[in-house]
Structure formats: C-alpha cells, structure tokens
Amino acid sequence: MQVQVKIEQIIQETREAFTLVLERHPQIEKYQPGQFLNFFLDIKGEEVVRQYSFSTSPYLNENPGITIKRVPGGLASNYLGDQLKPGDNIEVSTPNGRFTTSTKNGRQILMVAGGSGITPLYSILKTILANEPDSIISLFYANRNADSIIFRNQLDSLERQHESRLKVTHFLSENNNETLDNGIYRRLNPKDFQKYMDTYWKHNPEAFICGPDSMMKMSQEALINLGVLDERIKTEAFVGSGFGENAADYEEAFTEVIIENFNGAPVTFSANRNQSVLKSAFDAGFRLKHSCLESMCGACKVRLLSGKLDMKTNYALPGDELDQGYVLLCSGFPESDVLKLSY
Ligand code: FES
C-alpha cells in the first residue's frame with residue numbers, strides 16, 4: 001500500500017545525514033521501533049525505490065522521523081537531501097520490517113551499529129530505555145571519525161540520563177583531531193566481543209546488529225563462537241532487504257552474474273557484493289521481475305545453477321523450492337566470482 005505523507009521538518013544530523021520529520025498519518029504512526037518505509041521516488045522520470053528506517057520511537061516521539069545518510073554518488077539519498085523541503089509530499093509504503101523488539105524488562109542487550117546502521121537501533125534503544133527500567137544496553141558504534149557519528153549528542157545525553165543502563169563505545173577508524181573519552185581508535189574486532197562476553201555472559205545477552213555486511217558477519221560469528229545462540233542475534237543489512245544504496249560506503253568486490261534466459265536470451269552483468277543481485281541488475285539496466293522487494297512475495301525468485309549467493313532474508317520460498325535451488329534476488333547478495341541463474 002502506498003501513501004502520501006507531508007514532510008514537516010528536515011533536521012541536519014551530520015554533514016551527510018539528515019532526518020525527515022513526517023506528519024502524523026494513520027497508516028504510518030503505528031510503526032514498530034526499528035521498522036522502515038519504502039520510499040517510491042520519481043527521479044528524472046525513473047522509478048526508484050529505497051528503504052529507510054525510522055530513527056524515532058512511536059512511544060516517545062509525536063511525529064515519525066526517518067534518518068537518511070547521503071551516499072557519495074547515491075541517486076536517492078542525494079535527491080532526497082538536495083530536493084526535498086518542508087511542506088513537500090512523498091510517496092511511501094506502510095511500515096515494514098522484522099528488525100524490531102517487544103517489551104521484555106530486565107534484559108542484557110548488545111547493540112552493534114556501523115555508520116547509518118544506527119538508525120533503526122537508535123529507535124529500538126530509546127524505546128527499551130523508556131519502557132524497560134531494568135534492561136541494560138551496551139552499544140558498539142563504528143564510524144569513520146567523530147564528525148560522522150549520527151546522533152552523537154543525543155547518545156551522550158541518553159548515557160548521562162541512564163548512567164547505569166547505557167554504555168556507548170565508539171569505534172573510529174580515523175582520528176580527526178578530536179579524542180572522544182568513549183572512543184576507541186581502530187576497527188571493531190572479535191576481541192571486543194570476547195571482552196563484553198567475559199563480563200556479561202551470565203546474563204545471557206541478546207544482540208541487535210545493523211551495518212555493512214562485513215561488520216555484521218564478523219560480529220555475528222564472534223558472538224556465536226562465544227556461545228550466544230543464533231536466535232538471540234537479530235541482524236539487519238542496513239534497512240529492509242538490502243535494496244538500499246548505503247552499501248556503497250564500504251569496500252567493493254564484484255561478481256559476474258549470468259542469467260541464462262532473461263526475456264528468452266542470456267544476459268551478463270557485474271554485481272556488487274555489497275548489495276542484492278536485483279539492485280545490481282537494475283543498476284546495469286536489466287529490469288528483472290520483482291514486486292515487494294522485502295523477500296515476501298517470491299516475484300524475484302530464480303534458480304541458482306552455480307555459484308554462491310547469501311539470501312539475507314526469505315519469507316517467500318518454502319522448503320521444497322529451496323531444495324530445488326530457488327533463491328530470491330531482492331535479498332540475495334552474491335558471494336562467488338561467478339553466479340549462474342535461470343528463470
Ligand atoms: S521482490 Fe518480493 S520476494 Fe523479492
């Protein structure tokens with residue numbers, strides 16, 4: 001379902017990130033913390049769909065807010081950042097996504113965010129602090145430098161307000177002349193999880209992870225190796241099914257994709273391993289079959305003939321289709337040098 005909503009305000013969060021404060025709308029205001037909206041954009045006559053997460057909490061903020069980070073060269077994020085102004089209407093979906101939480105007081109939680117991956121986590125974090133007086137959160141937040149930390153002041157003030165319940169550690173790969181007391185100037189690594197678990201393993205922590213693929217994989221593997229059960233770890237590849245454009249922030253590797261029978265003929269294109277095959281196909285000018293973009297409808301399914309593909313989410317394919325080798329391209333990220341697919 002698509003709805004028109006008005007932008008009430010635009011807040012500049014960092015040089016690259018901004019929040020669109022939306023009007024209250026009956027189809028949107030019942031969102032869950034951590035969910036996202038599909039944005040349906042018409043950019044120079046081309047239909048562009050992107051997913052962006054709520055950074056607000058439905059329990060705390062009167063108006064819903066969506067935070068977006070500009071991606072260098074990114075079509076949609078720069079269009080939104082350059083063209084939109086308060087009073088404009090945008091076309092969006094109703095809220096989507098399973099990267100959310102229900103109220104369970106007394107939890108020990110580890111959140112791991114990379115760059116704009118903080119957006120859904122910030123929504124969840126604020127909600128837990130407000131609704132669960134005995135829950136304790138540690139946030140590992142990775143960024144390039146102090147200037148690129150989205151919600152830095154807000155997190156500082158939440159930490160002061162909830163001294164015994166929130167601990168934020170910033171992992172920064174560059175030191176731009178400003179040394180943060182709670183900053184560690186290197187990349188996040190498995191030893192950081194070891195240290196965390198040494199202290200908190202007794203409390204059976206649960207984890208929420210959102211960021212670039214490589215960071216999510218490392219964090220998830222580290223936690224599983226330290227005994228955290230897979231079902232206690234929730235992950236989100238930025239937002240939605242990874243059909244966004246934020247992945248362009250990170251190192252790139254490519255896969256050659258061959259579809260044997262697209263409109264009756266073979267096609268080949270190069271796919272970025274940091275995004276879904278469907279997104280790469282669109283970038284290459286091939287409009288493959290799709291509909292929901294959220295791994296739910298099955299419209300983008302193809303058969304994997306050879307190569308490796310990681311389906312981030314799948315709510316559409318039953319076990320027998322998986323056994324037959326079907327995969328979803330809207331949530332499938334390529335992992336091998338070559339992928340052969342067939343309709
Ligand atoms: S487009 Fe609906 S499952 Fe991929």
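Everything quoted here is computed from the prediction, not taken from an experiment.

**Remarks on the side chain of D88**
By the secondary structure assignment, D88 is in the loop between helix 1 (75-83) and strand 6 (89-93). For D88, the residues in contact, after removing those within four places along its chain, are V5, K6, I7 and Q83.

**Observations concerning the pattern of salt bridges**
Overall, the coordinates contain 14 salt bridges when judged by the stated rule. Taking the shortest distance from any N to any O, the salt bridge between E29 and R24 comes out at 2.9 Å. Accessibility expressed as a relative area gives 28% for E29, which makes it partly exposed. Among the residues examined, R24 registers a relative accessible area of 47% and is labelled partly exposed. Among the ionic pairs, R107 bridges to E206, the shortest N-O distance being 3.3 Å. In this pair, R107 is assigned in the loop between strand 6 and strand 7 (108-114) and E206 in strand 11 (residues 206-210), connecting sequence segments 99 residues apart.

**Re the UniProt feature "domain: FAD-binding FR-type" (unreviewed entry) in the protein**
As annotated in UniProt, the feature "domain: FAD-binding FR-type" (unreviewed entry) corresponds to residues 1-102 in the numbering used here. Helix makes up 9% of residues 1-102 and strand 42%, with an end-to-end C-alpha separation of 25 Å.

**Quick look at the domain arrangement of the protein**
What the domain assignment lists for the protein is domain 1 (2-93), domain 2 (108-236) and domain 3 (252-342). Look at where the C-alpha atoms of domain 1 and domain 2 centre, and you get two points 24 Å apart. The interface of domain 1 with domain 2 comprises 18 residues on the first partner and 18 residues on the second. Where domain 1 abuts domain 2, roughly 1,300 Å² becomes buried across the two surfaces, and 58% of that area is made up of carbon and sulfur atoms. Summed over the shared surface of domain 1 and domain 2, the number is six residue pairs in polar contact (both at pLDDT 80 or more). Those elements giving two or more residues to the side of domain 1 that touches domain 2 turn out to be strand 2 (17-22) and strand 5 (65-69). Residue composition of the side of domain 1 that touches domain 2, by class: six nonpolar, nine polar and three charged.

How each quantity is defined
- Residues numbered from 1 in each chain as written.
- Predicted model: local features only at pLDDT ≥ 70, side-chain atom pairs only at ≥ 80, totals over all residues.
- Heavy atoms only, no water.
- Helix = DSSP H or I, 4+ residues; strand = E, 2+ residues; numbered from the N terminus.
- Contact = heavy atoms within 4.5 Å.
- Salt bridge = Lys/Arg side-chain N within 4 Å of Asp/Glu carboxyl O.
- Buried < 20%, exposed > 50% of the residue type's maximum accessible area, 1.4 Å probe, protein only.
- UniProt positions renumbered as here; feature names shortened; annotations may be inferred.
- Domains from an automatic or database assignment.
- Buried area = accessible area lost by both parts, 1.4 Å probe.
- Polar contact = N/O pair within 3.5 Å; in protein donor to acceptor, adjacent residues only side chain to side chain.
- Nonpolar A, V, L, I, M, F, W, Y, C, P; charged D, E, K, R; others polar.

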